[in-house]
Amino acid sequence: MTVTTPPAPCAPEDVRRVACVGAGVIGGGWVAHYLARGYDVTAWDPAPDAEPKLRRLVAAAWPALVELGLADGASQDRLTVTATLEEAVAEAQFVQESAPEKLELKRDLLTRLDAAAPAGVVIASSTSGYPMTDMQTDAADPGRLVVGHPFNPPYLIPLVEVVGGERTTASTVAWASRFYEVAGKSVITMKREVPGFIANRLQEALWREALHMVANGEATVREIDDSITEGPGLRWAFMGPMLTFALAGGEGGMAHMLDHFGPSLKSPWTRLEAPELDKRLYDAVVAGCEDAADGRTIADLVAERDQGVIDVLRATGRLPQQRTREQEETK
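The following refers to the structure shown. Since the structure is predicted, the reported quantities are computational estimates derived from the model, not experimental observations.

Brief notes about the packing of aromatic side chains
Here comes step 1: With the rule as written, the count across this model stands at eleven aromatic pairs.
Here comes step 2: Judged by centre distance (5.9 Å) and plane angle (90°), the ring pair of Y34 and Y39 falls under edge-to-face. Accessibility classification places Y34 together with Y39 in one group, the buried group.
Here comes step 3: Aromatic pair Y39 and F179: ring centres 5.8 Å apart, planes at 55°, arrangement tilted. Placement of the pair is Y39 in the loop between α1 (25–36) and β2 (40–44) and F179 in helix α6 (residues 170–182), with a sequence separation of 140 residues.

See below:
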């Protein structure tokens with residue numbers, strides 16, 4: 001492999017080579033995103049068929065990325081899949097870890113990455129729930145380990161939640177947040193660790209209530225999905241739940257809304273304890289999703305989802321090229 005950029009730590013704006021360790025749905029999505037933003041990407045995954053699967057994932061995502069707008073120099077040819085983890089990170093200027101959600105696996109992998117990556121290079125975990133404090137325990141340099149939690153698919157959904165562990169340095173958190181911004185992401189830099197972070201906690205609450213409704217025969221999978229896509233989801237695409245509720249108070253805003261609807265917080269509208277995922281509920285959810293898919297394959301649904309996200313981003317002025325144009329107009 002030819003070294004085209006120095007592996008030493010650099011400014012977020014100067015990163016040219018990114019390593020992605022773990023090439024499943026999330027890791028592969030990160031690979032597609034970084035390629036589309038014009039980076040050289042090295043990837044490693046222990047699965048024997050990892051490379052063909054990864055290249056198929058990137059190829060499937062590419063039409064959506066073309067529509068979003070590719071950065072100068074973006075190419076699928078800038079992907080190199082290596083035989084070892086050490087090769088993948090040897091020349092990396094940033095490392096994105098996306099291994100399965102198993103604490104011991106994450107802990108061991110981050111320790112290996114810390115030992116193999118160039119000194120000082122920031123290493124971010126895509127974990128969807130584990131605090132970095134619990135994952136950085138065995139690393140020789142835990143200060144450079146940080147959480148960079150994306151949403152699926154990472155090549156389309158802008159959000160990344162960044163938070164360090166107890167031993168992560170403040171400069172690492174700041175560097176990672178800036179890097180993600182340069183790489184085209186919308187970043188929330190969290191002030192403290194919270195299990196599940198912000199968006200996943202909100203998403204999990206909705207998911208648990210949906211499972212209760214299916215388990216109790218109160219709603220079907222299709223009805224639950226329609227209730228969001230045809231209802232509050234339309235508002236949440238551009239205005240979150242807090243401001244949406246503030247509008248429910250009319251001219252009085254959130255204060256009036258709380259005065260009027262506050263007592264209903266004590267009403268039995270939600271059951272946040274997760275239901276028992278027994279076989280009956282398991283089968284009902286799986287069958288419900290098959291019914292809701294209505295003959296569409298996973299590939300069909302992925303394409304439909306991707307186009308839907310692009311349409312929403314375009315409609316709300318959040319495509320990368322729209323943001324760039326707005327920035328230029330305000331200069």
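Okay, back to it.
Examining the sheet that holds strand β7 (residues 159–164)
Here comes step 1: Within the open sheet, the eight strands sit side by side as β3-β2-β1-β4-β5-β6-β7-β8. Their pairing is mixed. Each end of this open sheet is capped by a strand with a single partner; those strands are β3 (79–81) and β8 (186–189). This sheet shows a mean twist of 25° between the axes of neighbouring strands, independent of strand direction.
Here comes step 2: Sheet topology places strand β4 (residues 94–97) next to strand β5 (residues 123–125); three bridges connect them, and they run parallel. Within the sheet, the bridge partner assigned to V95 lies in β5 and is I123.
Here comes step 3: Here helix α4 (residues 103–116) sits on the sheet and contacts β1 (17–21), β2, β4, β5 and β6 (145–150); the angle it forms with β4, its principal contact strand, is near 165°.

Analysis parameters
Residues numbered from 1 in each chain as written. Predicted model: local features only at pLDDT ≥ 70, side-chain atom pairs only at ≥ 80, totals over all residues. Heavy atoms only, no water. Phe/Tyr/Trp six-rings, centres within 6.5 Å; stacked < 30°, edge-to-face > 60°. Buried < 20%, exposed > 50% of the residue type's maximum accessible area, 1.4 Å probe, protein only. Helix = DSSP H or I, 4+ residues; strand = E, 2+ residues; numbered from the N terminus. Pairing = 2+ DSSP bridges. Axes fitted to C-alpha atoms, helices over the stretch in contact; angles between N-to-C directions. Contact = heavy atoms within 4.5 Å.

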